[in-house]
Amino acid sequence: MTYLRPNFRHPEAPVNEIGYTRKQYEGALSTLCAGCGHDSISTAIIQAVFEMSIEPHKVAKISGIGCSSKTPTYFLGNSHGFNSVHGRMPSVATGANLANREMIYIGVSGDGDTASIGMGQFVHAVRRNINMMYICENNGVYGLTKGQDSATADIGSKSKKGEPNAFEPIDLCAQALQLGATFVARSFSGDKAQLVPLIKAAIAHRGFAFIDVISPCVTFNNNAGSTKAYDYVREHVSACGMVDFVPMREEITAHYQPGSNVEVTMHDGSVVRLQKMDEGLDVHSRRSALNMIQEYKAQDKVLTGLLYIDQDSRDLHDVIRTTDKPLRTLKAADLCPGNAMLEKINAAMR
Ligand SMILES: Cc1ncc(C[n+]2csc(CCOP(=O)(O)OP(=O)(O)O)c2C)c(N)n1
Ligand code: SF4
Ligand SMILES: [Mg+2]
């Protein structure tokens, strides 16, 4: 059995602005269980990157270990990829980002990978505001190791054959907000209309863009009693707004009712347009986002959509004032200040 996709393509397949078909953003055939939410997220990433006309070689995909962390094999097969160690994706992404700031970094992780073994790494990537999109494919279980409860499983929630989970869950969006994340969103793998524009906005954001995507595990966590099952999420999900991403090149039209929307301009001039449904949420207020997450949780609902964004975000490179070039392009003359300058520095210290 082969997991490679056939190579032929339809001569009339639509192309994007740089002449690529959608197929050129695909990866190997997925070996995940049929119906796994993670595969829907891969499809959403492919769609977003294709529509944004991003050159595949400018993307680096980095992941940890888990079914979720396997997924970068199934999208962007012509991009760079590094499947790291369980929970260690953030430090690999940090190093890569510091070495080459010109790439687009897509980090893919799971709830086990992020909220348990990788928690110490996750929190520092957030507070350092690494310029990357970080997607946590959150199914509330360790899918790859056969369905143990993860740290995001809700108290009382049941995985297949499991006892009700006895522990309070970690809400990764709330954690990210408290740690100073500059872009925080939550979505559902079964809602591509919401997820694709969120991914586009996360990629366009300068800084750490976190998306927690509830992604049911059909094998170990799609049963009655699980709060991460398809049926449960469909019944309890509540979107805080309709999200639309308008690229910088496109004309921005105003066809909305004043007062019922918010437009967020990204650093590159593109716009995230939100058609608000819950007037209580101010996407520019960290406190508002935290309060709304709690309020919805108290009503047994999951709030999805863009929860918070800081348009003036300064990423790690801005803060520590690194060179604006990838390190591999620096020549000896860039790295050595020369004798005259060294003399001056030495003289200042005498
Ligand atoms: C250092 C280390 N500890 C434990 C494991 C075993 N392990 C592999 S994947 C995994 C959990 C994966 O869960 P999650 O990140 O939620 O991904 P999912 O499979 O649910 O998508 C564990 C504990 C490992 N591979 N490496
Ligand atoms: S075990 Fe669960 S998470 Fe892993 S591939 Fe199957 S459905 Fe997806
Ligand atoms: Mg998981």
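Structure first, text after, so check above.
Because the structure is a prediction, the values reported are computed rather than measured.

A.B. asks: Tell me about the layout of surface pockets, residues and numbers included.
C.D. replies: Counted as a void, the largest pocket has a volume near 680 Å³. If you go around the largest pocket, you meet 28 residues; those closest to its centre are Ile104, Ile203, Ala204, His267 and Asp268. Going through the elements one at a time, strand 3 (104–110), strand 4 (132–138) and helix 7 (192–204) are the ones with two or more residues in the lining of the largest pocket. It is helix 7 that provides the largest number of residues to the lining of the largest pocket, a total of three residues. Class assignment of the residues belonging to the lining of the largest pocket gives a composition of 13 nonpolar, seven polar and eight charged. Residue lining of the second largest pocket: 23 residues in total, with Asp154, Asp171, Lys228, Lys297 and Val302 positioned closest to the centre. Of the residues belonging to the lining of the second largest pocket, the class tally is 10 nonpolar, four polar and nine charged.

A.B. asks: Describe in detail the pairing of strand 7 (residues 183–188), supporting the description with residues and values.
C.D. replies: Summarising burial for strand 7: six of the six residues are buried, a large majority. Both faces of strand 7 are covered, namely the face carrying Phe183, Ala185 and Ser187 and the face carrying Val184, Arg186 and Phe188. Pairing analysis gives six bridges linking strand 7 to strand 8 (residues 208–214), with the strands arranged parallel. Following the sheet pairing, Val184 is matched in strand 8 by Phe210. Handedness of the crossover is the feature at issue here: the chain leaves strand 7, passes through helix 7, returns alongside strand 8, and the resulting connection is right-handed. Pairing of strand 7 with strand 13 (residues 302–309) involves four bridges; the strand directions are antiparallel. Among the inter-strand pairings, Val184 is bridged to a residue of strand 13, identified as Tyr308.

Definitions and cut-offs
Residues numbered from 1 in each chain as written. Chains lettered and ligands numbered in written order. Predicted model: local features only at pLDDT ≥ 70, side-chain atom pairs only at ≥ 80, totals over all residues. Heavy atoms only, no water. 1 Å grid on protein atoms, 1.4 Å probe; cavity = no way out; pocket = protein on both sides within 12 Å on 5 of 7 lines; lining within 4 Å. Points joined across faces, edges and corners; volume = space filled by probe spheres on them. Helix = DSSP H or I, 4+ residues; strand = E, 2+ residues; numbered from the N terminus. Nonpolar A, V, L, I, M, F, W, Y, C, P; charged D, E, K, R; others polar. Buried < 20%, exposed > 50% of the residue type's maximum accessible area, 1.4 Å probe, protein only. Pairing = 2+ DSSP bridges. Right-handed = clockwise from strand over helix to strand, strands pointing away.

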